[in-house]
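Listed below are the residues making up each chain.
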Amino acid sequence: MEKFRSFDDIQKSLENRETDCKAIVNSYLQNIQTKAHLNAFVEVYKDSALEQAAIVDGKISSGKAGKLAGLVIGIKDVLVYKDHEANASSKILKGFKSQFTATAVQRLIDEDAIIIGRLNCDEFGMGSSNENSAHGKVLNAADESRVPGGSSGGSAVAVQANLCTVSLGTDTGGSVRQPAAFTGLVGIKPTYSRVSRWGLIAYASSFDTIGVLSRNVRDSALVMEIMAGSDNFDSTASKKPVPKYSELLHFDKRAKIAFFTETIESEALQPEIKANTLAVLDKLKQEGHQVEEVHFPLLKYTLPTYYILTTAEASSNLSRFDGVKYGYRSPNAHNLESMYKLTRTEGFGEEVKRRVMLGTFVLSASYYDAYFTKAQKVRRLIKNFTEELLNKFDYIIMPTTPSTAFKFGEHSNDPVAMYLEDLFTVQASVSGVPALSLPNGEDKNGLPIGIQVMANSFKEAELYAFGNYLMELHNN
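Please read all numbers here as calculations on a predicted model, not as lab measurements. (Residues numbered from 1 in each chain as written. Predicted model: local features only at pLDDT ≥ 70, side-chain atom pairs only at ≥ 80, totals over all residues. Heavy atoms only, no water.)

J.: Go over the overall build of the protein chain with me, naming the residues and quoting the values.
T.: The number of helices and strands found in the protein chain is 16 helices and 11 strands. Compactness check: the protein chain gives a C-alpha radius of gyration of 21 Å against a globular reference of 23 Å for 476 residues, within 12% of the reference. C-alpha extents for the protein chain along the principal axes are approximately 65 × 55 × 45 Å. Counting across all 476 residues of the protein chain, residues that qualify as buried make up 60%. For the protein chain, the accessible area works out to roughly 18,700 Å², and carbon and sulfur atoms hold 49% of it. Here the protein chain contributes 52 positive and 56 negative side-chain charges, whose respective centroids are spaced 4 Å apart. (Helix = DSSP H or I, 4+ residues; strand = E, 2+ residues; numbered from the N terminus. Rg over C-alpha atoms; globule rule 2.2 N^0.38 Å. Buried < 20%, exposed > 50% of the residue type's maximum accessible area, 1.4 Å probe, protein only. Areas by Shrake-Rupley, 256 points an atom, 1.4 Å probe, with all protein chains shown as cover. Lys, Arg positive; Asp, Glu negative; His and termini not counted. Charge placed at Lys NZ, Arg CZ, Asp CG, Glu CD.)

Written out as structure tokens, the structure is:
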């Protein structure tokens, strides 16, 4: 399977009849079994994946196969798949089986992608280390003593360890990009509303996006162009036409690029990440691009704004999980009130409880205007600043994360230190603009470093093309 480093490799082998979809799936299943200790998968769909592979092989033989024939995908455990369990890596949804498939997932299946299983994550997408899962932690394949990032840690490790071709994650404040940086992958958060959220178990509805983790830019672009677009089931999904991103990867212009003083000079930034980021900016200057240093005075407000608003939305969204209709119900309850209290106390993990309580606090009558209303106003300021800057510049470049993958337990007793891992990723989420994390070398311990590129809303085509160009520049 190591010869299949991209979907292009798989397609060529299928065209040359060197392999078939069933053999590809079996190889991934063998890899999953061999590397089960990484704990990337919550559940492997062995039978349904092999059945689907047989169907796709038949379509290939008859010349009727879709664009994604041979692509094997893992999906984060917050995306529903009909007749399969989904529990957001939480005890409170144990045993819940979905009656429908998420739009993003269904569109991939319609093009003959094969879903091989659901992937471990931080509970309800809340975390930066994948240590907050009811299914246990996921190990980083680059160093098994370190976290893979979160919340889409299982999605990242599944691709990193060659357990599937690409994976789907979700990104609320960096949950695709940060794991991508920690595992040496390409990870994208699209423009908010670019991909339908129908079938995504919500954390924070005005932030949540479905993203892709892959080894290269083209695979990500192909999956994104098929997933994206309007959806009658999701009124917030944009009706803007979707370009064929995978066919628009050629980049031959002189770009205007901004970088923030505040990110490069941040005390939290690991020296090797700073050096690698500056090296990329210098190389871009040498290639004739216009690179300018810009001040971002609102950087220190992005993280508190993000956490006030997302916890408020989480408090509202997670109120539906109460033991009444589905999922876990406490066996110790003796009346309605105790059922609510005990079900949520026993069913939710500590980090989810922390965020729900924080969100309930900022939405309370006494503090609503002091916190929630003010955070909404600051969000607008951040969004306006970001969009104005992206009207002047083509791209904003910054590190994806302030550090490389940290050790398990390093931030477990300090939630604020854990939240600071999102320092550079939340701006794109607060603003709703697309952002792409790319591999950018390694530190002295051999741990991957990521670099992040932001573009203006619905400029995914330009973002992918520039990302592909950066990858080629890095490899040459």
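J.: Account for the packing of helix α4 (residues 103-110) against helix α7 (residues 217-227), with residues named and values stated.
T.: When two helices pack together, their arrangement is given by the angle between the helix axes and the distance between those axes. Put simply, α4 and α7 touch, their axes get as near as 8 Å, and they point 110° apart. As judged from the angle between their axes, α4 and α7 are roughly perpendicular. Where α4 abuts α7, its residues Ala104, Arg107 and Leu108 lie against Val223, Ile226 and Met227. Looking at the contact of α4 with α7 residue by residue, the classes come out as 5 nonpolar, no polar and 1 charged. (Axes fitted to C-alpha atoms, helices over the stretch in contact; angles between N-to-C directions. Parallel < 35°, antiparallel > 145°, perpendicular 65-115°, else oblique. Contact = heavy atoms within 4.5 Å. Nonpolar A, V, L, I, M, F, W, Y, C, P; charged D, E, K, R; others polar.)

J.: Account for the pattern of salt bridges, naming residues and giving values.
T.: This structure, assessed with the given rule, holds 14 salt bridges. Here Glu387 ties to Lys383 by a salt bridge, and the two come within 2.9 Å at their closest N and O atoms. On the criterion of helical spacing, the pair formed by Glu387 and Lys383 is a turn pair, its members being 4 residues apart in helix α13 (residues 368-392). Glu387 sits in the partly exposed class, given a relative accessible area of 22%. Accessibility expressed as a relative area gives 22% for Lys383, which makes it partly exposed. (Salt bridge = Lys/Arg side-chain N within 4 Å of Asp/Glu carboxyl O.)

J.: An account of the pairing of strand β4 (residues 166-171) is needed here, citing residue identities and associated values.
T.: Burial analysis of β4 places 6 of its 6 residues in the buried class, the great majority of the element. Taking every second residue as pointing to the same face, both faces of β4 are buried, with Val166, Leu168 and Thr170 on one and Ser167, Gly169 and Asp171 on the other. Pairing geometry for strand β2 (residues 72-76) and β4, over 3 bridges, is parallel. Among the inter-strand pairings, Ile75 is bridged to a residue of β4, identified as Leu168. (Pairing = 2+ DSSP bridges.)

J.: Describe the packing of aromatic side chains, naming the residues involved and giving the relevant values.
T.: The full count for this structure, using the stated rule, is 23 aromatic pairs. Measuring from ring centre to ring centre gives 5.0 Å for Phe251 and Tyr469, while their planes differ by 35°; the resulting arrangement is tilted. Of this pair, Phe251 sits in the loop between α7 and β7 (256-260) while Tyr469 sits in helix α16 (residues 460-475), and the two are 218 residues apart along the sequence. Both residues of the pair, Phe251 and Tyr469, count as buried. Aromatic side chains Tyr395 and Phe466 sit 4.2 Å apart centroid to centroid with 10° between the ring planes, which places their arrangement in the stacked category. A residue pair is termed long-range when its members are at least 10 positions apart, and Tyr395 in strand β9 (residues 395-399) and Phe466 in helix α16 qualify at 71 residues. Tyr395 gets classed as buried once you look at its relative accessible area, which sits at 2%. Every member of this aromatic cluster is reached through a ring pair, and the members are Phe96, Phe124, Phe321, Tyr326 and Phe348. Over the ring of Phe408 we find Lys137; its NZ or CZ atom is 4.3 Å from the centre of that ring. Between the NZ or CZ atom of Lys240 and the centre of the ring of Phe458, over which it lies, the distance is 5.2 Å. (Phe/Tyr/Trp six-rings, centres within 6.5 Å; stacked < 30°, edge-to-face > 60°. Lys NZ or Arg CZ within 6 Å of the ring centre and 35° of its normal.)

J.: Account for the packing of helix α12 (residues 350-363) against α13, with residues named and values stated.
T.: Taken N-terminus to C-terminus, the directions of α12 and α13 make an angle of 105°; their axes are 7 Å apart at the nearest point. Classified by the angle between their axes, α12 and α13 sit roughly perpendicular to one another. Residues Phe361, Val362 and Leu363 of α12 lie in contact with α13, whose contacting residues are Tyr368, Tyr371 and Phe372. Residues of the contact of α12 with α13, tallied by class, amount to 6 nonpolar, no polar and no charged.

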